[in-house]
Amino acid sequence: MIHSIENDELCVRVKEFGAELTSLYCKSNHTEYLWQGDPAVWSGQSPILFPIIGRLKNDLYTIGGKEFSMPKHGLARKRPFCVTEQKENTMTFTQTDDENTLLQYPFHYRLSVRFSLSGRKLTVAHIVENINNQDMYFSI
């Protein structure tokens with residue numbers, strides 16, 4: 001499902017799956033500023049890369065003596081988010097760990113992505129919460 005916010009200047013669209021920004025449209029000059037995802041070249045648009053950016057050697061890493069496998073660019077971009085806030089100029093998407101993510105990333109987390117409009121400005125905030133009693137390693 002795609003959600004949107006807009007004001008007099010901009011219209012923004014975001015997919016629930018991966019909390020991926022799919023459109024940043026300027027109303028005054030009728031311009032789409034975001035790549036529209038041609039599958040012949042690259043179907044992505046603006047993926048959220050968490051808890052890693054890039055690829056691990058052999059897609060493996062070790063924490064606490066236990067080996068884990070994680071795909072390129074982590075977990076967030078290939079999982080759904082829930083809309084946890086929707087207002088006129090702001091929307092927030094949130095994803096939390098589950099039994100499947102724990103098999104690949106042994107940390108309890110809450111990842112929220114907030115999209116906010118003010119005039120011709122879009123602000124995107126990534127909020128990572130560690131719901132553990134231990135250090136949590138990540139990049140975003």
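About the thresholds
Residues numbered from 1 in each chain as written. Predicted model: local features only at pLDDT ≥ 70, side-chain atom pairs only at ≥ 80, totals over all residues. Heavy atoms only, no water. Pairing = 2+ DSSP bridges. Helix = DSSP H or I, 4+ residues; strand = E, 2+ residues; numbered from the N terminus. Core = buried A, V, L, I, M, F, W, Y, C linked by side-chain atoms within 4.5 Å. Buried < 20%, exposed > 50% of the residue type's maximum accessible area, 1.4 Å probe, protein only. Contact = heavy atoms within 4.5 Å. Axes fitted to C-alpha atoms, helices over the stretch in contact; angles between N-to-C directions.

Undergrad: Explain the sheet that holds strand 1 (residues 2-6) to me, please; I cannot follow it from the model alone.
TA: Spatially, the four strands line up as an open sheet ordered 1-2-3-4, and their pairing is antiparallel. Two strands close off the open sheet at either side, each with one partner strand: strand 1 and strand 4 (31-32). As paired elements, strand 3 (residues 21-26) and strand 4 share two bridges and run antiparallel to each other. Each residue of the ladder has a partner; that of Cys 26, found in strand 4, is Thr 31.

Undergrad: Honestly, the nonpolar core in this entry has me stumped. Any pointers?
TA: Here is a general trend for soluble globular proteins: nonpolar side chains tend to be buried in one another's company. Val 12, Tyr 105 and Phe 115 are the most contacted members of the largest nonpolar core, which totals 28 residues. Where this core is concerned, the elements lending two or more residues are strand 2 (10-15), strand 3, strand 8 (90-96) and strand 9 (109-118).

Undergrad: Help me understand the environment of Pro 80, please; the structure alone is not making it clear to me.
TA: Among the structural elements, Pro 80 can be located in the loop between strand 6 (66-69) and strand 7 (82-86). The spatial distance from the C-alpha of Pro 80 to the C-alpha of Glu 16 is 5.8 Å, given a sequence separation of 64 residues. In contact with Pro 80, not counting residues within four places along its chain, are Glu 16, Phe 17, Gly 18 and Gln 95.

Undergrad: Hey, could you run me through the sheet that holds strand 8 in this one?
TA: As a general point, the strands of a sheet are linked pairwise by backbone hydrogen bonds and lie either parallel or antiparallel. Strands sit in the order 7-8-9-10 across an open sheet of four strands; the sheet is antiparallel. Each edge of the open sheet carries a strand with a single partner, namely strand 7 and strand 10 (121-130). Averaged over all pairs of adjacent strands, the angle between strand axes in this sheet comes to 20 degrees, irrespective of strand direction. Where strand 8 meets strand 9, seven bridges bridge the pair, whose relative direction is antiparallel. Directly across from Thr 92, in strand 9, lies its bridge partner Arg 114.

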